[in-house]
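Residues per chain, in single letters:
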Amino acid sequence: MKNIRKITALILAVLMVASLCACSSMPKSSKAEWGYKTDAQEYPIGVYIYSLFSAYNQAYSTVSAAQGEDFDQEASILDIESTFDEAVGDQLCLDWVLAEADYITKNLIALDQVIAENGIELDAELEAAAYEQARKDWHLGSYYEEYMAYGYAATPYKTMLEPYGVSFESFYQSSYLASVKQNAIFDYFYSKGGTKEVAESEMKDYFEDNYTSYSYFTANLYETTTDATTGETVNKALSEEDQKKAKEDLELYVKMIAQGTSFEDVSKMHTAAAELSANPAISNIEDLDNTSLGTEVATALKGMKDGEAKVIYVGQTDTTVAYFLYKKPITQETKTYVATEANYDALLQEMKGDEFLDYIDGLTEEVQCTKNESVIADFNPAIFEAELKK
(Lines give C-alpha, C1' and ligand atoms only; values in the text may rest on other atoms or scores of the structure.)
Protein backbone atom coordinates (compact mmCIF):
# COMPACT_ATOMS: atom_id res chain seq x y z
CA MET A 1 0.00 0.00 0.00
CA LYS A 2 1.28 3.45 -0.85
CA ASN A 3 2.44 5.67 1.99
CA ILE A 4 0.78 8.65 0.35
CA ARG A 5 -2.90 7.81 0.20
CA LYS A 6 -4.57 11.19 0.28
CA ILE A 7 -3.71 14.06 -2.01
CA THR A 8 -4.25 16.45 0.87
CA ALA A 9 -1.20 14.88 2.52
CA LEU A 10 0.86 16.78 -0.01
CA ILE A 11 0.15 19.98 1.90
CA LEU A 12 2.71 19.19 4.55
CA ALA A 13 2.35 20.71 7.99
CA VAL A 14 6.11 20.84 8.43
CA LEU A 15 8.48 21.02 5.47
CA MET A 16 11.80 19.74 6.72
CA VAL A 17 13.88 21.59 4.16
CA ALA A 18 11.80 24.75 4.20
CA SER A 19 14.69 26.81 5.47
CA LEU A 20 16.96 25.88 2.57
CA CYS A 21 17.48 28.31 -0.26
CA ALA A 22 17.74 27.19 -3.85
CA CYS A 23 21.23 26.86 -5.19
CA SER A 24 22.11 29.41 -7.87
CA SER A 25 23.08 26.57 -10.21
CA MET A 26 19.73 24.88 -9.82
CA PRO A 27 17.79 24.29 -13.05
CA LYS A 28 14.89 26.61 -13.67
CA SER A 29 11.60 25.51 -15.14
CA SER A 30 9.57 27.39 -17.69
CA LYS A 31 5.80 27.60 -17.93
CA ALA A 32 6.19 26.28 -21.46
CA GLU A 33 7.84 23.09 -20.23
CA TRP A 34 5.70 20.12 -19.40
CA GLY A 35 6.66 17.20 -17.23
CA TYR A 36 3.87 14.69 -17.86
CA LYS A 37 1.11 14.61 -20.42
CA THR A 38 -1.79 12.49 -21.59
CA ASP A 39 -3.89 12.70 -24.73
CA ALA A 40 -6.11 15.16 -22.90
CA GLN A 41 -3.83 17.33 -20.79
CA GLU A 42 -0.28 18.51 -20.11
CA TYR A 43 1.10 18.85 -16.59
CA PRO A 44 3.78 21.53 -16.08
CA ILE A 45 7.19 20.44 -14.86
CA GLY A 46 6.42 22.46 -11.72
CA VAL A 47 3.77 19.88 -10.82
CA TYR A 48 6.43 17.16 -10.91
CA ILE A 49 8.89 19.29 -8.92
CA TYR A 50 6.25 19.77 -6.23
CA SER A 51 5.67 16.02 -6.16
CA LEU A 52 9.43 15.48 -5.87
CA PHE A 53 9.66 18.05 -3.09
CA SER A 54 6.79 16.41 -1.21
CA ALA A 55 8.30 12.94 -1.60
CA TYR A 56 11.70 14.19 -0.44
CA ASN A 57 10.20 15.74 2.67
CA GLN A 58 8.37 12.54 3.52
CA ALA A 59 11.60 10.61 3.10
CA TYR A 60 13.46 13.11 5.28
CA SER A 61 10.87 12.69 8.00
CA THR A 62 10.99 8.89 7.77
CA VAL A 63 14.79 8.66 7.84
CA SER A 64 15.21 11.19 10.66
CA ALA A 65 12.61 9.39 12.78
CA ALA A 66 14.23 6.01 12.13
CA GLN A 67 17.73 7.21 13.04
CA GLY A 68 16.70 9.27 16.04
CA GLU A 69 19.65 10.83 17.85
CA ASP A 70 22.05 9.40 15.27
CA PHE A 71 20.48 11.42 12.45
CA ASP A 72 22.89 13.89 10.82
CA GLN A 73 20.89 16.91 9.70
CA GLU A 74 23.66 18.14 7.41
CA ALA A 75 24.28 14.88 5.57
CA SER A 76 22.46 13.70 2.46
CA ILE A 77 19.69 11.21 3.07
CA LEU A 78 19.55 10.00 -0.52
CA ASP A 79 22.10 7.20 -0.21
CA ILE A 80 20.57 5.85 3.01
CA GLU A 81 18.49 2.68 3.08
CA SER A 82 15.34 2.82 5.17
CA THR A 83 11.90 1.27 5.43
CA PHE A 84 9.33 3.48 3.74
CA ASP A 85 6.77 0.74 3.24
CA GLU A 86 6.57 -2.23 5.60
CA ALA A 87 5.33 -4.46 2.79
CA VAL A 88 8.41 -3.73 0.67
CA GLY A 89 11.14 -3.51 3.30
CA ASP A 90 14.30 -1.43 3.08
CA GLN A 91 14.79 0.75 0.02
CA LEU A 92 17.43 3.22 -1.07
CA CYS A 93 16.07 6.64 -0.22
CA LEU A 94 16.83 8.08 -3.68
CA ASP A 95 14.95 5.27 -5.39
CA TRP A 96 11.96 5.66 -3.13
CA VAL A 97 11.77 9.45 -3.58
CA LEU A 98 11.87 9.18 -7.38
CA ALA A 99 9.25 6.42 -7.44
CA GLU A 100 7.01 8.28 -5.02
CA ALA A 101 7.26 11.55 -6.95
CA ASP A 102 6.22 9.67 -10.08
CA TYR A 103 3.32 8.10 -8.20
CA ILE A 104 2.14 11.42 -6.77
CA THR A 105 2.11 13.02 -10.21
CA LYS A 106 0.25 10.08 -11.74
CA ASN A 107 -2.21 10.27 -8.85
CA LEU A 108 -3.12 13.79 -10.02
CA ILE A 109 -3.60 12.49 -13.55
CA ALA A 110 -5.84 9.69 -12.28
CA LEU A 111 -8.11 12.21 -10.55
CA ASP A 112 -8.48 14.22 -13.75
CA GLN A 113 -9.26 11.11 -15.76
CA VAL A 114 -11.99 9.96 -13.34
CA ILE A 115 -13.56 13.40 -13.44
CA ALA A 116 -13.51 13.49 -17.24
CA GLU A 117 -14.80 9.96 -17.70
CA ASN A 118 -17.73 10.45 -15.33
CA GLY A 119 -18.58 14.04 -16.19
CA ILE A 120 -18.07 15.16 -12.59
CA GLU A 121 -18.44 18.88 -12.00
CA LEU A 122 -16.55 20.66 -9.26
CA ASP A 123 -18.45 22.84 -6.83
CA ALA A 124 -17.69 26.40 -7.96
CA GLU A 125 -17.80 27.79 -4.43
CA LEU A 126 -15.47 25.14 -3.06
CA GLU A 127 -13.10 25.65 -5.96
CA ALA A 128 -13.08 29.42 -5.43
CA ALA A 129 -12.48 28.98 -1.69
CA ALA A 130 -9.62 26.58 -2.36
CA TYR A 131 -8.05 29.03 -4.79
CA GLU A 132 -8.32 31.90 -2.31
CA GLN A 133 -6.77 29.80 0.48
CA ALA A 134 -3.98 28.68 -1.84
CA ARG A 135 -3.19 32.30 -2.79
CA LYS A 136 -3.14 33.29 0.86
CA ASP A 137 -0.83 30.46 1.88
CA TRP A 138 1.37 31.00 -1.17
CA HIS A 139 2.06 34.61 -0.21
CA LEU A 140 1.74 34.49 3.58
CA GLY A 141 2.23 30.87 4.66
CA SER A 142 -0.02 28.32 6.32
CA TYR A 143 -1.61 29.31 9.63
CA TYR A 144 -0.44 32.88 9.12
CA GLU A 145 -2.90 34.38 11.62
CA GLU A 146 -2.14 31.76 14.25
CA TYR A 147 1.61 32.30 13.93
CA MET A 148 1.19 36.07 14.09
CA ALA A 149 -0.98 35.80 17.21
CA TYR A 150 1.93 34.18 19.03
CA GLY A 151 4.56 36.49 17.60
CA TYR A 152 6.00 34.06 15.05
CA ALA A 153 6.47 34.51 11.33
CA ALA A 154 4.91 32.04 8.90
CA THR A 155 6.94 30.93 5.87
CA PRO A 156 5.17 31.58 2.56
CA TYR A 157 5.00 28.62 0.20
CA LYS A 158 6.20 31.02 -2.51
CA THR A 159 9.47 31.44 -0.63
CA MET A 160 9.88 27.70 -0.20
CA LEU A 161 8.84 26.49 -3.64
CA GLU A 162 9.34 29.15 -6.27
CA PRO A 163 13.16 28.98 -6.17
CA TYR A 164 12.90 25.31 -7.14
CA GLY A 165 10.78 26.14 -10.17
CA VAL A 166 7.29 25.62 -8.76
CA SER A 167 4.83 28.30 -9.83
CA PHE A 168 1.69 29.19 -7.93
CA GLU A 169 -0.38 27.46 -10.62
CA SER A 170 1.54 24.20 -10.18
CA PHE A 171 1.32 24.46 -6.41
CA TYR A 172 -2.43 25.07 -6.53
CA GLN A 173 -3.05 22.32 -9.06
CA SER A 174 -1.04 19.80 -7.03
CA SER A 175 -2.53 20.51 -3.63
CA TYR A 176 -5.63 22.57 -2.93
CA LEU A 177 -7.36 21.96 -6.27
CA ALA A 178 -6.44 18.26 -6.13
CA SER A 179 -8.13 18.06 -2.75
CA VAL A 180 -11.32 19.58 -4.17
CA LYS A 181 -11.22 17.09 -7.04
CA GLN A 182 -10.71 14.12 -4.73
CA ASN A 183 -13.63 15.14 -2.55
CA ALA A 184 -15.83 15.68 -5.60
CA ILE A 185 -15.06 12.18 -6.86
CA PHE A 186 -15.76 10.66 -3.44
CA ASP A 187 -19.10 12.48 -3.27
CA TYR A 188 -19.97 11.38 -6.80
CA PHE A 189 -19.68 7.76 -5.73
CA TYR A 190 -20.75 7.64 -2.09
CA SER A 191 -22.83 10.67 -1.10
CA LYS A 192 -26.63 10.73 -1.27
CA GLY A 193 -27.70 10.06 -4.82
CA GLY A 194 -24.23 8.76 -5.72
CA THR A 195 -23.57 5.71 -7.86
CA LYS A 196 -22.50 3.79 -4.75
CA GLU A 197 -24.70 5.55 -2.22
CA VAL A 198 -24.50 4.03 1.26
CA ALA A 199 -27.86 2.67 2.38
CA GLU A 200 -29.41 4.28 5.43
CA SER A 201 -29.52 0.91 7.19
CA GLU A 202 -25.80 0.38 6.57
CA MET A 203 -24.98 3.82 7.96
CA LYS A 204 -27.17 3.13 11.01
CA ASP A 205 -25.52 -0.22 11.71
CA TYR A 206 -22.03 1.21 11.33
CA PHE A 207 -22.77 4.07 13.71
CA GLU A 208 -24.35 1.90 16.38
CA ASP A 209 -21.63 -0.75 16.14
CA ASN A 210 -18.72 1.67 16.40
CA TYR A 211 -19.83 4.72 18.34
CA THR A 212 -20.54 5.32 22.01
CA SER A 213 -22.64 8.03 23.61
CA TYR A 214 -21.36 8.84 27.08
CA SER A 215 -21.41 11.46 29.81
CA TYR A 216 -19.22 11.90 32.83
CA PHE A 217 -18.09 14.23 35.57
CA THR A 218 -15.08 13.99 37.81
CA ALA A 219 -14.42 14.50 41.50
CA ASN A 220 -10.94 14.96 42.93
CA LEU A 221 -10.13 12.85 45.98
CA TYR A 222 -7.26 15.17 46.79
CA GLU A 223 -6.72 18.83 47.40
CA THR A 224 -4.06 21.14 46.03
CA THR A 225 -2.35 23.72 48.19
CA THR A 226 0.52 26.15 47.67
CA ASP A 227 3.57 25.95 49.90
CA ALA A 228 3.92 29.35 51.54
CA THR A 229 7.71 29.11 51.58
CA THR A 230 8.57 27.69 48.17
CA GLY A 231 5.48 28.70 46.22
CA GLU A 232 5.20 25.18 44.83
CA THR A 233 1.85 23.46 44.51
CA VAL A 234 1.39 20.35 46.60
CA ASN A 235 -1.21 17.61 46.16
CA LYS A 236 -2.52 15.86 49.24
CA ALA A 237 -5.10 13.08 49.46
CA LEU A 238 -8.32 13.92 51.26
CA SER A 239 -8.82 12.44 54.68
CA GLU A 240 -10.13 8.89 54.82
CA GLU A 241 -13.43 10.22 56.13
CA ASP A 242 -13.83 12.72 53.27
CA GLN A 243 -12.87 10.12 50.68
CA LYS A 244 -15.37 7.67 52.12
CA LYS A 245 -18.15 10.29 51.99
CA ALA A 246 -17.31 11.19 48.38
CA LYS A 247 -17.29 7.56 47.28
CA GLU A 248 -20.58 6.85 49.06
CA ASP A 249 -22.22 9.78 47.27
CA LEU A 250 -20.95 8.58 43.90
CA GLU A 251 -22.14 5.03 44.48
CA LEU A 252 -25.53 6.40 45.51
CA TYR A 253 -25.71 8.21 42.16
CA VAL A 254 -25.01 4.90 40.41
CA LYS A 255 -27.97 3.31 42.21
CA MET A 256 -30.19 6.28 41.39
CA ILE A 257 -29.51 5.93 37.67
CA ALA A 258 -30.21 2.20 37.90
CA GLN A 259 -33.58 3.13 39.40
CA GLY A 260 -34.44 5.58 36.60
CA THR A 261 -32.96 8.95 37.58
CA SER A 262 -31.47 10.73 34.58
CA PHE A 263 -27.77 11.53 34.31
CA GLU A 264 -28.68 15.20 33.92
CA ASP A 265 -30.46 15.21 37.29
CA VAL A 266 -27.62 13.33 38.96
CA SER A 267 -25.04 15.79 37.64
CA LYS A 268 -27.13 18.68 38.98
CA MET A 269 -27.26 16.98 42.41
CA HIS A 270 -23.50 16.54 42.35
CA THR A 271 -22.97 20.18 41.36
CA ALA A 272 -25.08 21.36 44.29
CA ALA A 273 -23.64 18.88 46.81
CA ALA A 274 -20.05 19.75 45.87
CA GLU A 275 -20.92 23.48 45.89
CA LEU A 276 -19.55 23.94 42.39
CA SER A 277 -20.10 27.17 40.46
CA ALA A 278 -20.91 25.30 37.24
CA ASN A 279 -22.06 21.83 36.25
CA PRO A 280 -18.88 19.89 35.34
CA ALA A 281 -20.65 17.24 33.27
CA ILE A 282 -19.25 16.47 29.81
CA SER A 283 -21.11 14.55 27.10
CA ASN A 284 -19.85 13.20 23.81
CA ILE A 285 -20.51 10.73 21.02
CA GLU A 286 -17.45 9.13 19.47
CA ASP A 287 -15.53 6.01 18.47
CA LEU A 288 -13.71 4.96 21.63
CA ASP A 289 -10.90 3.47 19.56
CA ASN A 290 -10.10 7.02 18.47
CA THR A 291 -10.58 9.12 21.56
CA SER A 292 -8.62 11.57 23.67
CA LEU A 293 -10.04 9.98 26.81
CA GLY A 294 -7.57 8.18 29.03
CA THR A 295 -7.15 4.48 28.41
CA GLU A 296 -8.70 3.50 31.73
CA VAL A 297 -11.81 5.59 31.09
CA ALA A 298 -12.24 4.40 27.50
CA THR A 299 -11.81 0.77 28.54
CA ALA A 300 -14.38 1.14 31.30
CA LEU A 301 -16.92 2.66 28.92
CA LYS A 302 -16.42 -0.13 26.40
CA GLY A 303 -17.23 -2.69 29.07
CA MET A 304 -20.41 -0.98 30.24
CA LYS A 305 -23.96 -1.74 29.12
CA ASP A 306 -26.21 0.90 27.59
CA GLY A 307 -28.00 2.85 30.31
CA GLU A 308 -25.43 1.84 32.95
CA ALA A 309 -23.54 4.14 35.32
CA LYS A 310 -20.21 3.34 36.93
CA VAL A 311 -17.49 4.95 39.02
CA ILE A 312 -13.80 4.35 38.38
CA TYR A 313 -10.78 5.80 40.13
CA VAL A 314 -7.75 7.00 38.21
CA GLY A 315 -4.38 8.27 39.43
CA GLN A 316 -2.01 7.82 42.34
CA THR A 317 -2.71 8.15 46.05
CA ASP A 318 -2.18 11.90 46.10
CA THR A 319 -3.82 12.54 42.71
CA THR A 320 -6.81 10.19 42.64
CA VAL A 321 -9.68 11.35 40.42
CA ALA A 322 -13.09 9.70 40.49
CA TYR A 323 -14.88 9.42 37.14
CA PHE A 324 -18.64 9.05 37.29
CA LEU A 325 -19.48 7.49 33.93
CA TYR A 326 -22.80 7.05 32.19
CA LYS A 327 -23.29 5.18 28.91
CA LYS A 328 -26.35 6.39 27.04
CA PRO A 329 -28.13 3.92 24.72
CA ILE A 330 -26.55 4.63 21.33
CA THR A 331 -29.80 3.86 19.47
CA GLN A 332 -31.28 7.01 21.00
CA GLU A 333 -28.65 9.09 19.19
CA THR A 334 -28.65 7.56 15.71
CA LYS A 335 -31.33 9.59 13.96
CA THR A 336 -30.16 12.99 15.20
CA TYR A 337 -26.45 12.29 14.82
CA VAL A 338 -26.60 10.97 11.25
CA ALA A 339 -28.95 13.78 10.19
CA THR A 340 -26.17 16.33 10.82
CA GLU A 341 -24.33 16.91 7.55
CA ALA A 342 -20.85 17.08 9.08
CA ASN A 343 -21.41 13.84 11.01
CA TYR A 344 -22.84 12.11 7.95
CA ASP A 345 -19.82 13.10 5.85
CA ALA A 346 -17.39 11.97 8.54
CA LEU A 347 -19.10 8.59 8.83
CA LEU A 348 -18.98 8.17 5.06
CA GLN A 349 -15.25 8.84 5.07
CA GLU A 350 -14.73 6.26 7.80
CA MET A 351 -16.87 3.65 6.08
CA LYS A 352 -15.73 4.09 2.50
CA GLY A 353 -12.48 6.05 2.71
CA ASP A 354 -10.14 3.08 2.39
CA GLU A 355 -12.22 1.52 -0.37
CA PHE A 356 -12.16 4.80 -2.29
CA LEU A 357 -8.44 5.32 -1.87
CA ASP A 358 -7.74 1.75 -2.96
CA TYR A 359 -9.77 2.52 -6.07
CA ILE A 360 -7.76 5.69 -6.78
CA ASP A 361 -4.52 3.80 -6.08
CA GLY A 362 -5.51 1.18 -8.64
CA LEU A 363 -6.24 3.81 -11.26
CA THR A 364 -2.95 5.55 -10.49
CA GLU A 365 -1.01 2.36 -11.13
CA GLU A 366 -2.73 2.04 -14.51
CA VAL A 367 -2.19 5.63 -15.69
CA GLN A 368 -0.80 5.83 -19.20
CA CYS A 369 1.14 9.01 -19.91
CA THR A 370 4.19 10.45 -21.61
CA LYS A 371 7.01 11.82 -19.47
CA ASN A 372 9.38 14.57 -20.56
CA GLU A 373 12.38 12.54 -19.47
CA SER A 374 15.06 15.04 -20.53
CA VAL A 375 13.51 17.80 -18.42
CA ILE A 376 12.56 15.56 -15.50
CA ALA A 377 16.14 14.29 -15.30
CA ASP A 378 17.32 17.80 -14.41
CA PHE A 379 15.35 17.69 -11.18
CA ASN A 380 17.10 15.11 -9.06
CA PRO A 381 16.06 15.37 -5.37
CA ALA A 382 19.67 16.30 -4.62
CA ILE A 383 18.68 19.86 -5.56
CA PHE A 384 16.96 20.15 -2.20
CA GLU A 385 20.24 19.38 -0.43
CA ALA A 386 22.49 21.72 -2.42
CA GLU A 387 22.80 24.28 0.36
CA LEU A 388 23.67 21.63 2.92
CA LYS A 389 26.76 20.64 0.96
CA LYS A 390 28.26 24.14 0.78
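As the structure is a computational prediction, the values presented were derived from the model and not from experiment. (Residues numbered from 1 in each chain as written. Predicted model: local features only at pLDDT ≥ 70, side-chain atom pairs only at ≥ 80, totals over all residues. Heavy atoms only, no water.)

Caption draft 1: Focus on a nonpolar patch on the surface. A cluster of nonpolar residues, Y143, Y147, Y150 and Y152, forms a patch on the protein surface that exposes about 560 Å² of accessible area. Turning to its location among the elements, Y147 is positioned in helix 4 (residues 144-149). (Patch = residues over 30% accessible without salt bridge, like charges linked within 9 Å, V, L, I, M, F, W, Y side chains within 5 Å. Areas by Shrake-Rupley, 256 points an atom, 1.4 Å probe, with all protein chains shown as cover. Salt bridge = Lys/Arg side-chain N within 4 Å of Asp/Glu carboxyl O. Helix = DSSP H or I, 4+ residues; strand = E, 2+ residues; numbered from the N terminus.)

Caption draft 2: How the structure looks around the pairing of strand 1 (residues 34-37). Here strand 1 pairs with strand 2 (residues 42-44) via three bridges, running antiparallel. Its bridge partner being in strand 2, K37 is matched across the sheet by E42. The antiparallel pairing of strand 1 with strand 2 creates a hairpin that spans four residues between the two strands. Across two bridges, strand 1 lies against strand 11 (residues 370-371) in antiparallel orientation. By the bridge assignment for strand 11, K37 is matched with T370. (Pairing = 2+ DSSP bridges.)

Caption draft 3: Region of interest: the side chain of E385. Looking at the secondary structure, you find E385 in the segment after helix 14 (373-376). You can call E385 buried: its relative accessible area is 1%. Among the polar contacts listed, one links the side chain of E385 to the side chain of Y56, at a separation of 2.7 Å. Only 3.1 Å separates the side chain of E385 from the backbone nitrogen of I77, close enough to count as a polar contact. If near-sequence neighbours (up to four positions away) are discounted, E385 is found in contact with Y56, A75, S76, I77 and L78. (Buried < 20%, exposed > 50% of the residue type's maximum accessible area, 1.4 Å probe, protein only. Polar contact = N/O pair within 3.5 Å; in protein donor to acceptor, adjacent residues only side chain to side chain. Contact = heavy atoms within 4.5 Å.)

Caption draft 4: Structural context of helix 11 (residues 295-302). Within helix 11 the residues assigned to the buried category are V297, A298, A300 and L301. Projection of helix 11 onto a plane perpendicular to its axis shows the buried side chains occupying an angular sector of 160 degrees, all on one side. Among the exposed residues of helix 11, those oriented more than 90 degrees off its buried face are T295 and T299. Along its buried surface, helix 11 packs onto strand 5 (212-220), strand 9 (309-314) and strand 10 (321-328). (Arc of directions from axis to C-beta.)

Caption draft 5: Inspection of the pattern of salt bridges at higher detail. What the rule picks out here adds up to eleven salt bridges. Salt bridges sharing common partners tie together D102, K106 and K371.

Caption draft 6: Highlighting empty space enclosed by the protein. Per the stated rule, a full pass over the model turns up one cavity of 30 Å³ or more. Roughly 40 Å³ of internal volume is contained in the largest cavity. A breakdown of the residues in the lining of the largest cavity according to their chemical character gives two nonpolar, one polar and two charged. (1 Å grid on protein atoms, 1.4 Å probe; cavity = no way out; pocket = protein on both sides within 12 Å on 5 of 7 lines; lining within 4 Å. Points joined across faces, edges and corners; volume = space filled by probe spheres on them. Nonpolar A, V, L, I, M, F, W, Y, C, P; charged D, E, K, R; others polar.)

Caption draft 7: Structural detail: the packing of aromatic side chains. Taken as a whole and judged by the stated rule, the model has 33 aromatic pairs. On the basis of an interplanar angle of 35 degrees and a centroid distance of 6.0 Å, the ring pair of F217 and F263 is categorised as tilted. Of this pair, F217 sits in strand 5 while F263 is found in helix 10 (residues 263-273), placing the two residues 46 residues apart along the sequence. When its relative accessible area of 1% is taken as the criterion, F217 is described as buried. Residue classification places F263 among the buried residues on the basis of a relative accessible area of 4%. Taken together through their ring pairs, the aromatic side chains of Y50, Y131, W138, Y157, F168, F171, Y172 and Y176 make up a single cluster. (Phe/Tyr/Trp six-rings, centres within 6.5 Å; stacked < 30°, edge-to-face > 60°.)

Caption draft 8: Region of interest: helix 10. Among the residues of helix 10, those classed as buried are F263, V266, S267, H270 and T271. End-on, the buried residues of helix 10 take up no more than an arc of 140 degrees, which puts them together on one face. Opposite its buried face, helix 10 presents the exposed residues K268, A272 and A273, each directed more than 90 degrees away. Tucked inside the fold, the buried residues of helix 10 contact strand 5, helix 9 (240-258) and strand 10. In the segment just after helix 10, E275 is the residue with positive phi, at about 55 degrees.

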